[in-house]
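# Working through the structure, step by step
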Amino acid sequence: MMNMTYSHSLVDIAFLVSDCSEDDKTFETLVQYTTALQQGKLLPLLEEEDAAMKKAGVRGSSDLYLQYMPLDYVENVKKSYSPPYHEEYEKPFGSIQIYTKDFGQVIGQSFSDRHDVKVQGIRRKLMGRARNWLITTALQPYHSWVYWRDVDIETSPGEIIQDLMKYKEFDIIVPNVWRPLPTFLGNEQPYDLNSWMESEHGLELAKTLQEDDVIVEGYEEYPTWRVHLAYIRDPEGNPTDIVDLDGVGGVSILARAKVFRQGINFPAFTYLNHAETEAFGKMAKRAGFRVGGLPHYTVWHIYEPSEDDLIEISRMERKKRRGFNPRG
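Residues numbered from 1 in each chain as written. Predicted model: local features only at pLDDT ≥ 70, side-chain atom pairs only at ≥ 80, totals over all residues. Heavy atoms only, no water.

### Overview of the overall build of the protein chain
Secondary structure summary: the protein chain contains 11 helices and 11 strands in total. Expected size for 328 residues packed as a compact globule is a radius of gyration near 20 Å; at 21 Å, the protein chain falls within 12% of this value. Each principal axis of the C-alpha atoms in the protein chain carries an extent, and together these give about 65 × 50 × 45 Å. In the protein chain, buried positions account for 44% of the 328 residues. A sequence separation of at least 24 residues applies to 79% of the contacts in the protein chain between residues at least 6 apart. Carbon and sulfur atoms provide 52% of the accessible area of the protein chain, an area that totals close to 17900 Å². (Helix = DSSP H or I, 4+ residues; strand = E, 2+ residues; numbered from the N terminus. Rg over C-alpha atoms; globule rule 2.2 N^0.38 Å. Buried < 20%, exposed > 50% of the residue type's maximum accessible area, 1.4 Å probe, protein only. Contact = heavy atoms within 4.5 Å. Areas by Shrake-Rupley, 256 points an atom, 1.4 Å probe, with all protein chains shown as cover.)

Here you go:
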């Protein structure tokens, strides 16, 4: 968030920490880092911690994954968090609030657990409750825009708020979201498939479902044949191009505050056979708001290895080590 070039003094940040395991230190770490951030001391703190880890020879599993990631992506990540920094980089934000509230999360937080089709409806409705609670608690009368940003974004343009805000005819705007992959998996792939344009197949599918069933986009169990924002991306395309959408993903959303003030929320129930952000898009459109997405403007999500990815990396590591064994 320090990378955002929009005047930090005009940005109020609200964090929600919920449903953590007993030994989780997210809240304590967040308090420590945000306090240092507001005092202009976060960058030295992070540099000090990084130096201490290197001196101690501490290496995490992420170091292993990096050996299999595209070199140009790894270099881009390093460049994104290295000097020279922009003038707003270390400036404090208008305010930072940290909320803690549990919502009964019982789904595991591994990549495989969170993306299992069987839990998607339950998970999305729970996330809708969390988003609605946070917006109700944090939105103030003087706020003009609301920017939703998942914590697992790895890199995004520093000017993202200004870039999304300039589309005056749209009320809700989302960028494209991709994620890097290890080289043995093809280097990159679309990540957020929840930003889409409705299709006749999708509408017909909804007619065959029960009222409480939730269509989960991107799973073979729900063949909607919709046009996904992710799949119309051209790496060389004009980043200012924008298209109308029906559903939106939640990784990075900019919305006018009046959208929420006029009663639009993230349904924590089944709305038109959708829930949370996708239902948010549909509800907003029904209320007369315009929803748009930028197909060629890309935000990068972190790489989270699935169980199959970990198995393959372990296999390649064993093969690599056998190759270096002089008696092998």
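### A short note on the pairing of strand β11 (residues 291–301)
Within β11, 11 of the 11 residues are buried, which leaves the element mostly enclosed by the surrounding structure. Pairing of strand β5 (residues 172–180) with β11, which is carried by seven bridges, proceeds in the parallel orientation. By the bridge assignment for β11, Ile 173 is matched with Gly 292. In this structure, strand β9 (residues 243–244) lies alongside β11, joined through two bridges in antiparallel fashion. Within β11, the residue paired with Val 243 across the bridge is Gly 293. (Pairing = 2+ DSSP bridges.)

### Thoughts on the pattern of salt bridges
Once the charged atoms of two side chains with opposite charge are near each other, the side chains can pair. Taken as a whole, this structure holds 19 salt bridges when the rule is applied. With a closest N to O distance of 3.5 Å, Glu 88 and Lys 91 form a salt bridge. Owing to a relative accessible area of 11%, Glu 88 belongs among the buried residues under this scheme. Classification of Lys 91 by relative accessible area gives partly exposed; the value is 38%. Measuring nitrogen to oxygen at the nearest pair gives 3.6 Å for the salt bridge that ties Arg 233 to Glu 188. Separated by 45 residues along the polypeptide, Arg 233 in the loop between β8 (227–228) and β9 and Glu 188 in strand β6 (residues 188–190) bring together distant segments of the chain. What makes Arg 233 buried here is its relative accessible area of 16%. Using a relative accessible area of 34% as the deciding quantity, one classes Glu 188 as partly exposed. (Salt bridge = Lys/Arg side-chain N within 4 Å of Asp/Glu carboxyl O.)

### Some thoughts on the packing of helix α6 (residues 120–138) against helix α10 (residues 276–286)
In the contact formed by α6 and α10, the axes pass within 8 Å of each other and the chain directions differ by 65 degrees. On the basis of their axis angle, the class for α6 and α10 is roughly perpendicular. Contact residues: α6 offers Arg 124, Met 127, Gly 128 and Arg 131, while α10 offers Glu 276, Thr 277 and Glu 278. In terms of residue class, the contact of α6 with α10 is built from one nonpolar, two polar and four charged. (Axes fitted to C-alpha atoms, helices over the stretch in contact; angles between N-to-C directions. Parallel < 35°, antiparallel > 145°, perpendicular 65-115°, else oblique. Nonpolar A, V, L, I, M, F, W, Y, C, P; charged D, E, K, R; others polar.)

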